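Here is how the chains run, residue by residue.
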Amino acid sequence: MAYLDTAGLEWCRGLLLGHEFLTLMCLECHVATRPQLLPDPQLDPISALVFSITQDLPPEIPSPQHLKVAGVDLVTRTGLTDLAVLHVDSEADLLEEAIRLVTTWDPDMLVGYEVQRGSWGYLLERGLALGVEVVARLSRVPEGARASHHLEEEDEYGTEHTSQIHLAGRVVLNAWRLMRSEAALQSYTLQSVAFQILHTRIPAFSHTQLTAWWLADTTRGRTLGHLLLRCRLTLDLLHRLDLVPRTAELARLFGIQFYDVLSRGTQFRVESMMLRLARGRNMVAISPSVQQRAAMKAPEWIPLTLEPLSRFYTEPVVVLDFQSLYPSVMIAYNYCYSTCLGRIHLLHNPPPQPYSFGTAHLRLPPDPKQLLEMVDEMNVSPCGVAFLPSRVRRGVLPVMLEEILNTRLMVKASLKRCGERDASLRRVLHSRQLGLKLIANVTYGYTSANFSGRMPCSEIGDSVVSKGREILERSIQLVNSHPTWAAQVVYGDTDSLFVHLPGRSRSQAFVTGQEIAAAVTKMYPKPIKLKFEKVYLPCLLQTKKRYVGYMYETPDQQEPVFDAKGIETVRRDGCPAVAKVLERSLHLLFDRKDVSLVRQYVQRQLLKVMQGRVSLQDLTFAKEYRGARGYRPGACVPALQLARQWTRRDPRKEPRAGERVPYVIVYGAPGLPLIQLVRCPSTVLADASLRLNATYYITHAILPPLHRCLALLGVNVNAWYTELPRPSTLTASTSTLPGSSSGPSIARYFTPVACVGCGADTTAAPAGRGAAGGQGLCGGCKGSPQETVLRLGERFRTYERAVDHIRQVSCSLEMVCEACVGCRLQEVECISLDCPLTHRRTMAGRDLQAAHHLHSLLDDF
DNA sequence: TACGCGGCCTAA
DNA sequence: TCAGTTAGGCCGCGTA
């Protein structure tokens, strides 16, 4: 440690104090766009750059803060008083100033929410277009130009996983891509991520809007304010997710560089640890060629997944699983590259040596019979591969895994010890133990990688899987045959057991569950351990990898937790309405155990959909776009179709690979394939002739998942739909429907006097047909239904656009101008399906009511 | 109408 | 110039 100078000591001290000594700089560009087009660096100049900088320094370390003020005017003309603004004369000066700022602050990480087409990427491309050297001057080393580059090539992988921008000495973070691996969301726009993670709503302004504001002196500040908000939120997101410290911790743990944690795969991490250990034993890893890898014997074993006894269980089901089964197996049976003797039958009848093993060859001692002398001691896996006993040689992988698992236990212990005192230390320890768990679990994956694996070995992979299978099978047998448990294994997948305990109470289930865990653990060598996980009461086993139940993790837990695996409540390929209806239905079923309540609930929701009273958002699907070359030639999927449409209009509008593309389904001529009915949500808002396809949503999206659950109880969900009144008789019979007396129809509270079609007085006319609607029209309008439908449809669309607009603006109002004149906030029920929240909206309430009323009138025709 | 296939997403 | 694995369910479409 002779080279540890004072700066190094300072750094260590900083770590102890919870400081990372890092500077992050987030950038957004404002580019004045041509109408309806997105910025193009070849043509559109940057009009403004907005930065936000954070530093993680202890207070006694001086920061270059004072430098910011030098040469910068504090400008109030924009209306933003807390913003330091610097005017420059030309775009070239702007770039120079940006470079100066970067070199002054010397940030370690350059951040942008989207750094390929916006932010730093736009800056670099603009520099290229103007002939200003930017890339090299942003790097940290004099010869930076060589090590830094801004990729323009068509590399699907690079585009999808990295920022594509490399600057020597600095890390470039593409925030939205990081978010993609942080949380499973419907959409990864800054607006939705900020809402989901920071619970902050921000408006989405189009480039056209931002440009319009920028061009007028009085509104220019809005554009800057919005971009600054984006910068700050991006940094807030990283902070909230603890992303930089967590990544740094993983880098230390695996002994790899910070950026490699984000950009490289798990293989790299395993190798980094494994090679370190192997070197101490004077071993190196083989480097098989592509041909050798291709010639490797294919894996033959697959994990055991039982076909579940699928039904609704109203008595306890205990779930147990083996703790880190595969790593435990490798430790317990000494499975490793360095201990493998190949197939046992080859030891008995030695073929000409060396013989094929993994991607390479194995050379045994001249007389393999010697080895056979200790055949009783050997670990022979169920697939017939022999491994040395640890007495003879302890494998590298087992040693590594053992160290990892032990370290993890230590870390978890100190996590417990440190209590609530030190939040930052807790976070570090927590991410360390998570990282350890992760690396333990992918070590198996490393041995059985075949497509891209660097050192795959199907013999080891197969041994682990076959041993895992054997362990699970023997455990099942034990549980099923135990005399006093009276238990039945009803499902199991790879390393888990679902045990049905009929006639037992919840607390009895906990006791028996612990007994099972202990008894099974006793059957196997250390560290193989079956762990009691949870009791389900009740639960629904649908199919392999799909189940749901109320979960209790401790005997004294009073309120159960809804726990679903694989079903639509946890999937992102349906629309939110599907997940909400399904989850609420299951809650009702589990809580009240009364199918008729579920039926009432579901029918109310179906009516909402038919009446168009479900928000557009709840009916919006979103699927990942794979990039233009990511599909088969004939592929015909919504995401690709919409992406093509957008790209035709504006090449810069093509979604990034990995981005989620939203779409809805509208009505169309009968017989049309579904793909023809796909529309972008904003198109539907803008086009009065388009209506959401209620029939599709009900029969193809909402009901099938529900049916798969409730069919297990012998309920025919589809009948619930067919017995509902058709739209033509909807309003007349609404009041006879179960539960509708307390139904949420806003129209019932809305009694217009003037005809909503033409404005004539309707009070003189005879009363309408039902309580809910119909009386809003005069006789003349009722007489010409087509015309009225058309007129109302258009009005409806206008209201919906207004509501949408207000929704956007009201968000910004709440933040930007609390003092907005005459802005009377009104409590309105959220229109989302059963959302318990009420949202503050300005004016939106009235427009919403009008829109809903019109829509229910439309259903009359 | 059954079946295979591509696409998408999740469990482990 | 790098990319852990397989199983499995379900949707929509085209074809025999």
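In what follows, the structure referred to is the one given above.
Anyway, here's the lowdown on the structure attached to this text.

Parameters and conventions
Residues numbered from 1 in each chain as written. Chains lettered and ligands numbered in written order. Predicted model: local features only at pLDDT ≥ 70, side-chain atom pairs only at ≥ 80, totals over all residues. Heavy atoms only, no water. Helix = DSSP H or I, 4+ residues; strand = E, 2+ residues; numbered from the N terminus. Polar contact = N/O pair within 3.5 Å; in protein donor to acceptor, adjacent residues only side chain to side chain. Contact = heavy atoms within 4.5 Å. Near = heavy atom within 4 Å. Nonpolar A, V, L, I, M, F, W, Y, C, P; charged D, E, K, R; others polar. Salt bridge = Lys/Arg side-chain N within 4 Å of Asp/Glu carboxyl O. Buried < 20%, exposed > 50% of the residue type's maximum accessible area, 1.4 Å probe, protein only. Phe/Tyr/Trp six-rings, centres within 6.5 Å; stacked < 30°, edge-to-face > 60°. Lys NZ or Arg CZ within 6 Å of the ring centre and 35° of its normal.

## Points about the side chain of Glu114
Point 1. Following the sequence through the fold, Glu114 ends up in the loop between strand 5 (109–112) and helix 4 (119–130).
Point 2. From its side chain, Glu114 meets the backbone nitrogen of Arg117 in a polar contact 2.8 Å long.
Point 3. Among the polar contacts made by the side chain of Glu114, one reaches the main-chain amide nitrogen of Gly118 at a distance of 3.2 Å.
Point 4. In this structure, Glu114 is in contact with Ser119, Asn174, Trp176 and Arg656, ignoring residues within four places of it in sequence.

## So, the protein's contact with DNA strand C
Point 1. Residues in close proximity to DNA strand C total 25 residues, the closest being Gly265, Ile302, Lys544, Leu674 and Tyr696.
Point 2. Among the atoms of DNA strand C close to the protein, meaning within 4 Å, 82% are from sugar or phosphate groups.
Point 3. Leu674 is positioned such that a nitrogen or oxygen atom in its backbone is 2.7 Å from a phosphate oxygen of DNA strand C.
Point 4. In the model, a phosphate oxygen of DNA strand C is placed 3.1 Å from a nitrogen or oxygen of the Arg708 side chain.
Point 5. Of all the elements in the fold, those that place two or more residues in the surface near DNA strand C are helix 14 (266–280), helix 20 (423–448) and helix 27 (694–710).
Point 6. Here the surface near DNA strand C gets 4 residues from one element, more than from any other, and that element is helix 27.
Point 7. Taken together, the residues of the surface near DNA strand C break down into 9 nonpolar, 10 polar and 6 charged.

## Observations concerning the protein's contact with DNA strand B
Point 1. Around DNA strand B sit 19 residues, and of these Asp495, Tyr547, Gly566, Arg626 and Arg632 come closest.
Point 2. In DNA strand B, the atoms that sit within 4 Å of the protein are 89% sugar and phosphate, with bases accounting for the remainder.
Point 3. Here a sugar or linking oxygen of DNA strand B sits 3.4 Å away from a polar atom, N or O, in the main chain of Asp493.
Point 4. Within the backbone of Gly566, a nitrogen or oxygen atom sits 2.9 Å from a phosphate oxygen of DNA strand B.
Point 5. Looking at the surface near DNA strand B residue by residue, the class counts come to 5 nonpolar, 2 polar and 12 charged.

## Thoughts on the pattern of salt bridges
If the charged atoms of two oppositely charged side chains come close together, the side chains can form a pair.
Point 1. Counting across every chain of the model gives 31 salt bridges.
Point 2. One salt bridge in this structure joins Glu307 and Lys544, with 3.9 Å as the shortest N-O distance. Taken together, the residues Glu307 in the loop between helix 15 (290–295) and strand 9 (312–313) and Lys544 in the loop between strand 18 (530–543) and strand 19 (546–552) connect sequence positions 237 residues apart.
Point 3. What makes Glu307 exposed here is its relative accessible area of 54%.
Point 4. With relative accessibility at 37%, the residue Lys544 sits in the partly exposed group.
Point 5. Measuring nitrogen to oxygen at the nearest pair gives 3.8 Å for the salt bridge that ties Arg469 to Glu473. With Arg469 and Glu473 both in helix 21 (residues 458–481), this residue pair falls 4 residues apart, about one helical turn.

## So, the packing of aromatic side chains
Point 1. With the rule as written, the count across this model stands at 19 aromatic pairs.
Point 2. Chaining the aromatic ring pairs together yields one cluster made of Tyr491, Phe498, Tyr536 and Tyr547.
Point 3. In this arrangement the basic side chain of Lys653 is found over the ring face of Trp646, its NZ or CZ atom lying 4.5 Å from the centre.

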